[in-house]
Amino acid sequence: MEEATARRAARAGVRAAAPLVIAVFPFGLVYGVAVGASSVDPWVGGAASWLILAGAAQLSMLDLIDGDAAWIVVVSTGLVINARFALYSAALAPAFARFPRRWRFTLPYLLTDQAAAISLQYYEHQRDPVARRWFFLAGASSFAASWWVSSVIGVLAGGGIPEALQISFAVPVMFLALLVPTLRDRTTLAAATVGAGVAILGAPLPNGINILIGALAGIAAGRVSDR
Amino acid sequence: MFTLAGVGTFLIRMSVISLVGRGVTVSPPVEATLRLIAPAVLAAIVADTLVLDGDGLNTEWTWFVAGAVAAGVSWRWRSAGATMVAGMATLWLLLAVF
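It should be emphasised that the depicted structure is a prediction, and the values quoted were computed from it without experimental measurement. (Residues numbered from 1 in each chain as written. Chains lettered and ligands numbered in written order. Predicted model: local features only at pLDDT ≥ 70, side-chain atom pairs only at ≥ 80, totals over all residues.)

Overview of the overall build of chain B
1) Next: A count of helical and extended segments in chain B gives five helices and two strands.
2) Next: From first element to last, N terminus to C terminus, chain B shows the α and β order α-α-α-β-β-α-α.
3) Next: Its C-alpha atoms give chain B principal-axis dimensions of roughly 60 × 40 × 25 Å.
4) Next: Expressed as a percentage of its 98 residues, the buried residues of chain B come to 43%. (Helix = DSSP H or I, 4+ residues; strand = E, 2+ residues; numbered from the N terminus. Buried ≥ 20, exposed ≤ 12 C-beta atoms within 10 Å, placed from the backbone.)

Considering the interface of chain A and chain B
1) Next: Contact with chain A, which involves 78 residues of that partner, is made by 58 residues of chain B.
2) Next: If one sorts the elements of the side of chain A that touches chain B by residue count, helix α5 (residues 84-96) of chain A sits on top with twelve residues. (Contact = placed C-beta atoms within 7 Å.)

Re the domain arrangement of chain A
All names here are of chain A.
1) Next: The domains assigned to chain A are domain 1 (2-181) and domain 2 (183-227).
2) Next: Using only C-alpha atoms to locate each centre, domain 1 and domain 2 end up separated by 22 Å.
3) Next: In this complex, domain 1 contributes nine residues to the contact, which on the side of domain 2 involves nine residues.
4) Next: For the side of domain 1 that touches domain 2, the secondary structure elements donating two or more residues are α4 (71-81) and α5.
5) Next: When grouped by side-chain class, the residues that make up the side of domain 1 that touches domain 2 number six nonpolar, two polar and one charged. (Domains from an automatic or database assignment. Nonpolar A, V, L, I, M, F, W, Y, C, P; charged D, E, K, R; others polar.)

Remarks on the nonpolar core
1) Next: Counting residues in hydrophobic clusters, the biggest one holds 104 residues, and the most contacted among them are Val173 and Met174 of chain A together with Ala40, Leu42, Ala44 and Val46 of chain B.
2) Next: Shared between two domains, this core takes at least three residues from each, and those domains are domain 1 (2-181) and domain 2 (183-227) of chain A.
3) Next: Contact partners of Val46 of chain B, with chain neighbours within four places excluded, come to Pro172, Phe175, Leu176, Leu179 and Ala196 of chain A. (Core = buried A, V, L, I, M, F, W, Y, C linked by C-beta atoms within 7 Å.)

Here we look at the packing of helix α4 (residues 61-77) of chain B against helix α5 (residues 80-97) of chain B
Residues and elements named next belong to chain B.
1) Next: One way to put it is that α4 packs onto α5 with a least axis distance of 8 Å and a crossing angle of 155 degrees. Accordingly, the angle class assigned to the pair α4 and α5 is roughly antiparallel. Remark: the crossing between α4 and α5 carries right-handed chirality. Facing α4, whose interface residues are Thr62, Val65, Ala66, Gly67, Val69, Ala70, Val73, Ser74 and Trp77, α5 presents Ala82, Thr83, Ala86, Gly87, Thr90, Leu91, Leu94 and Leu95.
2) Next: Looking at the contact of α4 with α5 residue by residue, the class counts come to eleven nonpolar, six polar and no charged. (Axes fitted to C-alpha atoms, helices over the stretch in contact; angles between N-to-C directions. Parallel < 35°, antiparallel > 145°, perpendicular 65-115°, else oblique. Left-handed = near helix turned anticlockwise from the far one by under 90°.)

Here it is as structure tokens:
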């Protein structure tokens, strides 16, 4: 019984991730190519995809290392960019609270924007903790695998990918595909509008901080519009 | 450096999840706040990756048109696959024509 639920949920996770997994691929290629073009050892740059598993942070850190920034600057930049994961951690926490300990303390390794977005959508209409954790494991692993494989291919392929295709456009489209289904009413729309607006206004701030304050401002705006 | 950032990132991901244990009930105001997290964060990332280019504004109008088409498709059909295809196809069409 439980096994059938798990299998069904895992399949649903892979299915939900599939179109977006393809979009993660170009992002990974962009990162891999950047590693190849930098002064960073390709093995070290590739290992970062296992250690950190977060594209935007890895790209910014790579850039800083290449510019001979101090290690404390490099590490704190990565952590600031990834601070948004604390918000996803909060959003997922009520669901994860019902998972056995070994799941609760290992699954977060796979927590990415994509994994959080598809899981939160699935959790809206799926209450069973068994189905919920298998969905997350399968979906999140799909994204992680795509990230690992594509960053390695990017390192190996080097500049072999034609610029003219502008595959980096797949990144904003992927996030649009994750964003739009979350817009269901006035409050979510307010949160998104203010979140985007503040992120744009915050452009001169260091990388990642504009996203963080945009997100926080968006959440606050959504709460206010609910009154 | 990557190891340090990796450990830090894992702790961030774990943060709230590790604090909220079994039997914790979430009050309605907290739940209303939690459901705003995904739209707010994702919208900020879309803005950052689509509208911005480094510190300045992105001047590739083709990206805006293709982005709008992708958003429209996503809104109408709620399908990530269709959204991806529509967005990339529109961009490549525009790049081929202009």
